[in-house]
Amino acid sequence: METDAVFFTDRSGRITSNPLLDQLPSYQSLLYRRKSSVSGPKRRSSSRGRLGSSSSGKWNMSTFTRPFEKQKSQVTEQQPIRELAKPMAEKRRDKTQRLEEAQELTNWRQWRQSSRRYLRRLRDDAQEWLSSMKLWRGDIHLIEGMFGTGILSYFSFLRFLVVLNLIIFLIKFSFVMLPIIIAPYASGNITYNLNDAGVCSVYPSSARRGLVIFHEHITDLLSGGGFLEQTYLFYGYYKVDKIHFTNVTYNLALAYLLSTIAYLFLSLIWIVKRSARGFKRNLVQDEDRFQSFCNKIFAGWDFCITNENAARLKRSSLLYELKTDLEEERIKQKIADRTRKEKCRIYLIRLILNLFVIGVLAACFYTIYVATIFSQEAQMTKIKVNFIVDLIYEYLPSIVITLANFITPLLFSVIINYEDYSPAFEIRFTLMRCVFMRLTSIGVLLFSLWSQITNCEEEPCICGYNHLLYSCWETRVGQEMYKLTIFDFITIVAVTIFVEFPRKLIVKHCDCGLAKWWGQQEFAIPQNVLEIVYGQTICWIGTFYCPMLPAICTIKYFFIFYIKKVSLINNCRPATRPFRASSSNFFFLGVLLIGLALACLPVTVSVAQINCSHACGPFVNFNTSWEVLPTTISQLPSGAQTLLFALSSEAFAVSFFVITCLAMFYVIALAGAHKRVINQLRDQLAMEGRDKRFLIQKLCQAQRLSPVRSPVSKSKPRSPSYHTSFASNFSEGVFLAHSPPDSSTHV
Amino acid sequence: MGNKQTTFTDEQLEAFQDCTFFTRKEILRLHSRYRELAPHLVPLDYTNNPDIRVPLALIVTMPELKENPFRDRIVETFSEDGQGNLSFNDFVDMFSALCETSPRELKTIYAFKIYDFNRDNFICKDDLQQTLTLLTKGELTEDEVLLVCDKALEEADLDGDSKLSFSDFQNMISKAPDFLRYNHVLYSHLYLCLLLLLLLLLLLLSG
């Protein structure tokens, strides 16, 4: 960087202020709130409209000349007074000035202004009222003050999931359950699915007969079997085909299918909308660790912290972050200095360790597969050994999944130390592996279930599935999902009560080495987020088979909020490894989107491919659940039919695909073009800055040379900024080689 | 609160509402907080605009500011005399600029003023060092402080004068993760296209 001695320093090395510089409009826009000797004219010429609009970020330059001010003031009338960076007294003066100006306007304009102001105030009041209605506002505020915005984002994520599940349940309820419930009261005639006395439509009742021992009720409650099986809870109960009201016929099968598609769609749109707000990463070009030091210094402190302990911890976490960044710089240097031999060695180690990780994952998946099959067979044989053992057989897949999800993160975090990545990449890579493990385990469970369901003794299956063992296989899948949800909840509660609280007590009261090594609990945000995303994925998959699952999940997350909050406040200290709130928003919603994508897959396959059971459910009269849609369309009037056929024809699909691809490429190209423009502007800005300094230097020299002449040379200095060679070619005097161009960025 | 309060006239409250981001209730609550700091100094009745200033030492005892390493600078920036003595107008101004609903542009301007310790309209290396020292309470070594400041200047200085002017600062803040708005509209379009593609695939699968 060239060292321009533009700003003449005095003996002490401090920069003396240059009177010319102070007159530049860019300086005046940042007047300080001092009753200083700043003269009136300067005040007025400070650009009122200096505040750039948020979208373009342009800088409204003010001009010195008065005539333009009137124009300016009319243009900036749109800017509300409270968004100006001025002292209160000046804002009041502005307000009275605007009111006076408003008197000069026509009545129509006056009315428009006052109505706009009134509407704005109304909107503010409405927003305030709405935000006061938000769930758990006080609790989240308290957590924010104590632990900062990182953990706050976890809890607001939890709140989002509660609301999402509630809406999903309302959709399912109003379109599927409500018509069945109100049919008797609204004089509706329900037509049930015909029971053609084939083999496939035999559905033995699962209600227990005879004397029922008490603990069998509990088994039923925990496993969704027994008395719970033939209730609204599961798919099998909805044997309704159509409901005939007085005027309309309500096709329940169609409603069931469409509400499934609707809730998946709604979740997708809502998550995307939420993530667009806090989207940081550039998909097209990776700007890894851009501006990391500046962000930490200027945007690092959390201004919401009011607790002394939290402030101390925030400081130490910032310190840790800065030290980590410095460490990363050193490691980057080290990596760049690696010799060939070392590189080969590192790559070999990484290959071996990745193979090991894949092996571990494969072993876990195989265990889950075996456990599921064993559990299914144990439930089928119906030999009751013992209450506890029965429960364990029922919950075997859940237990195995939970154990695998507990052990593998520890394993991964040990392995990553040997792979010698940079610290930031280590964290992200471990997290990716954990996400993959969690979400794929559900997929493996479902796959093993399906392999059981479609596995008959004589191939191929008569009914398309194993009707002897699984007369209503959807209910069985629903029961598995129900069990997973219940077990997940029990695990969270149990871990909190039996691990976290004792840990706090031990660390507080016991002074032994174990306590010191274990340390106080830290609220590990990634692991907790993975936990609730796992639960939400199960909910999305399971809602098709168990329509009341979203309600159960709402209640579950409701309780989890309070459990986590209590545990956090009593047991935890903030993480020493900080988790930035902004990028965490992207992380949460990104993982949730992966979960949603993963949830869509099994639902789609089971709706479109697997034969639905003929003994229960709304789709008895169809081969697959999807078939209800084409059947309904074929009953529509011919106009609508041709339209829908045209929409799903190949011609339309291909052209739609092509147009979408074009739109995507356009957007990507636009982003690239913007980047190029920004780089150009940045270079131009650097050049302008150097020109400015050069010119001021020359002016000051000229002033010193001729002290008699007053510095009237306030005329706008034109700079031949497009010729870079000029800047270095002149030794004295201001010399314009060309006629001054009207540069739009002149100062 | 209603119409029974006698602290402010209606015009005053309306002026406050227009000039800040607070509602009437919040302004009255702010006044009671202001009064709590110095009950003997601040009168209950503000209808005739008394010229009372609460000194810096009392203001930084507020719980919202107590733990903030930049509390002195914040109060000084919003004070008219530059020494940190806030009148009620300045007090309300300060909280209005820092509250949730104030726009990022406004916060950027004030953030720049806060971090500019020597008030020369630039954030020079000295200012950066002071900021960093306040932030970490002197836990970094000299070399580390210099290194971090160098790197920060390298990242944000656009016009190459080895200090941050307001345009540099504004540009840098606009890209900081919490402030980022750049191109988010663009990328939600991208998302929508991906969504449409997914839909299409589904359609094709079923047909």
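As named in an unreviewed UniProt entry, chain B is Calcium and integrin-binding family member 2, taken from Amphiprion percula.

Per an unreviewed UniProt entry, chain A goes by the name Transmembrane channel-like protein and belongs to Amphiprion percula. For chain A, the Sequence similarities (unreviewed entry) comment in UniProt is given as "Belongs to the TMC family." On record in UniProt, under Subcellular location (unreviewed entry), the comment for chain A is "Membrane".

Asks: Can you walk me through the overall build of chain A in this structure?
Replies: Along chain A, the regular secondary structure elements total 25 helices and 5 strands. Looking at chain A as a whole, 43% of its 747 residues are labelled buried. Here the analysis covers contacts within chain A between residues at least 6 apart in sequence; of these, 74% occur between residues at least 24 apart. About 40400 Å² of surface is accessible on chain A, with carbon and sulfur atoms providing 63% of the total.

Asks: Help me out: how do you make sense of the state of the cysteines in this one?
Replies: Disulfide: a covalent bond formed between the sulfur atoms of two cysteine residues. All names here are of chain A. According to the stated counting rule, one finds 1 disulfide over all chains in the structure shown. Each sulfur of the disulfide joining Cys 472 and Cys 616 lies 1.8 Å from the other. Here the S-S torsion is close to 100°, and the disulfide linking Cys 472 with Cys 616 is therefore right-handed. Placement of the pair is Cys 472 in the loop between helix H16 (423-453) and helix H17 (473-509) and Cys 616 in the loop between helix H21 (581-608) and helix H22 (628-634), with a sequence separation of 144 residues. For Cys 472, a relative accessible area of 7% puts it in the buried group. Not part of a disulfide, Cys 434 finds its nearest cysteine sulfur in Cys 364, a span of 11 Å. With relative accessibility at 5%, the residue Cys 434 sits in the buried group. Here Cys 600 is not disulfide-linked; the sulfur of Cys 539 is the nearest cysteine sulfur, at 13 Å.

Asks: Can you walk me through helix H8 (residues 125-136) of chain B in this structure?
Replies: The first and last C-alpha atoms of H8 of chain B sit 16 Å apart over 12 residues, in line with the 16 Å expected at 1.5 Å per residue. Every buried residue belonging to H8 of chain B is among Asp 127, Leu 128, Thr 131, Leu 132, Leu 135 and Thr 136 of chain B, and all of these are buried. Projected onto a plane normal to the axis of H8 of chain B, the buried residues spread over an arc of 150° and lie on a single side. Looking at the packing, one finds that the buried side of H8 of chain B touches helix H11 (292-299) and helix H12 (308-336) of chain A together with helix H7 (104-115) and helix H9 (142-156) of chain B. Lys 137 of chain B sits one or two residues past H8 of chain B and shows a positive phi near 55°.

Asks: Please clarify how the confidence of the model for chain A should be interpreted in this entry.
Replies: Low pLDDT means the predicted coordinates in that region are not meant to be read closely. Residues and elements named next belong to chain A. Confidence along chain A averages 76 in pLDDT terms, with 79% of residues attaining 70 or more. When pLDDT is averaged over each helix and strand of chain A, the minimum, 34, is found for helix H3 (residues 40-45) and the maximum, 91, for helix H20 (residues 549-571). Contacts from residues 1-16, a stretch scored under 50 in pLDDT, to residues over four places away or in other chains number 20 contacts. Scored below 50 in pLDDT, residues 280-289 makes 20 contacts in the model with residues more than four places away or belonging to other chains.

Asks: What should I look at first to understand a nonpolar patch on the surface in this one?
Replies: All names here are of chain A. A surface patch of nonpolar side chains, about 820 Å² in accessible area, is lined by Val 495, Ile 497, Phe 498, Val 499, Ile 506, Leu 514, Trp 517 and Trp 518. For the nonpolar patch, the secondary-structure elements that each account for two or more residues are H17 and helix H18 (513-518). Among the elements that make up the nonpolar patch, the one with the highest residue count is H17 (5 residues). What makes Phe 498 exposed here is its relative accessible area of 63%.

Asks: Got a minute to help me understand the domain arrangement of chain B in this structure?
Replies: Interfaces are often described in size by the accessible area the parts lose on coming together. Residues and elements named next belong to chain B. Here chain B is partitioned into domain 1 (10-98) and domain 2 (104-206). At the junction of the two partners, domain 1 supplies 11 residues and domain 2 supplies 12 residues. Here domain 1 packs against domain 2, burying approximately 1100 Å² in sum over the two surfaces, 70% of which is carbon and sulfur. Three residues stand out in domain 1 for area buried against domain 2, namely Phe 70, Arg 73 and Ala 97, and they jointly supply 52% of the buried area on that side. The interface formed by domain 1 and domain 2 includes 1 salt bridge. With its nearest N and O atoms 3.3 Å apart, the salt bridge here joins Arg 119 to Glu 76. Run the count over domain 1 and domain 2 and you get 5 residue pairs in polar contact (both at pLDDT 80 or more). If you list the elements that add at least two residues to the side of domain 1 that touches domain 2, you get helix H5 (71-78) and helix H6 (88-98). At 5 residues, the largest contribution of residues to the side of domain 1 that touches domain 2 is made by H5. Each residue belonging to the side of domain 1 that touches domain 2 can be placed in one class, and the counts come to 7 nonpolar, 2 polar and 2 charged.

Asks: Teacher, can you tell me more about the domain arrangement of chain A here?
Replies: Segmenting chain A into domains produces domain 1 (149-287 + 370-393 + 429-648) and domain 2 (651-686). Computed over C-alpha atoms, the centres of domain 1 of chain A and domain 2 of chain A are 39 Å apart.

Asks: How do you make sense of the UniProt feature "transmembrane region" (unreviewed entry) in chain A when you look at a structure like this?
Replies: Residue and element names in this part refer to chain A. On the UniProt side, "transmembrane region" (unreviewed entry) is annotated at positions that read residues 160-186, 253-272, 347-375, 395-418, 430-450, 586-605 and 651-673 here. The span residues 253-272 is 100% helix and 0% strand, and its two end C-alpha atoms sit 29 Å from each other. As a span, residues 395-418 carries 83% helix and 0% strand, and end to end its C-alpha atoms are 36 Å apart.

Parameters and conventions
Once a new chain begins, its residue numbering starts again from 1 and follows that chain's sequence as written. Chain letters and ligand numbers both follow the written order, the letters beginning at A and the numbers at 1. With the structure being a predicted model, the display of local features is reserved for residues of pLDDT at least 70 and the display and counting of side-chain atom pairs for 80 or more, all residues being used for whole-chain, interface and lining totals. To obtain the side-chain values, all non-hydrogen atoms of the structure were included, while hydrogens and water were left out. UniProt positions are given in the numbering used here, feature names are shortened, and annotations may be inferred rather than shown by experiment. Numbering of helices and strands runs from the N terminus; a helix is a DSSP stretch of H or I covering at least four residues, while a strand is a stretch of E covering at least two. Only protein chains enter the accessibility calculation, which uses a 1.4 Å probe; a residue is then buried when its area is under 20% of its type maximum, exposed when over 50%, and partly exposed in between. Residue contacts follow a heavy-atom distance rule, with two residues in contact if any of their heavy atoms lie within 4.5 Å. In short, Shrake-Rupley with a 1.4 Å probe defines the accessible areas, and a residue's cover is counted only from the protein chains shown. Sulfur atoms of two cysteines make up a disulfide when they are within 2.5 Å. Helix span is expected to be 1.5 Å times the residue number reduced by one. Comment: arc refers to directions from the helix axis out to C-beta atoms. pLDDT: the predictor's confidence for each residue, scored from 0 to 100. Only residues whose relative accessible area exceeds 30% and that form no salt bridge enter a patch; like-charged residues are grouped when within 9 Å of one another, and nonpolar side chains (Val, Leu, Ile, Met, Phe, Trp, Tyr) when within 5 Å. By convention in these notes, a salt bridge is any Lys or Arg side-chain nitrogen within 4 Å of a carboxyl oxygen on Asp or Glu. Throughout the structure description, domain borders are defined by an automatic or database domain assignment. Two parts placed together each lose some accessible area under a 1.4 Å probe, and the buried area is that loss summed for both. We define a polar contact as two N or O atoms separated by no more than 3.5 Å, with the added condition that, inside protein, one atom must be a possible hydrogen donor and the other a possible acceptor, whereas residues neighbouring each other in sequence contribute only through side-chain atom pairs. Gly is put with the polar residues, along with every residue not named as nonpolar or charged; the nonpolar set is Ala, Val, Leu, Ile, Met, Phe, Trp, Tyr, Cys and Pro, and the charged set is Asp, Glu, Lys and Arg.

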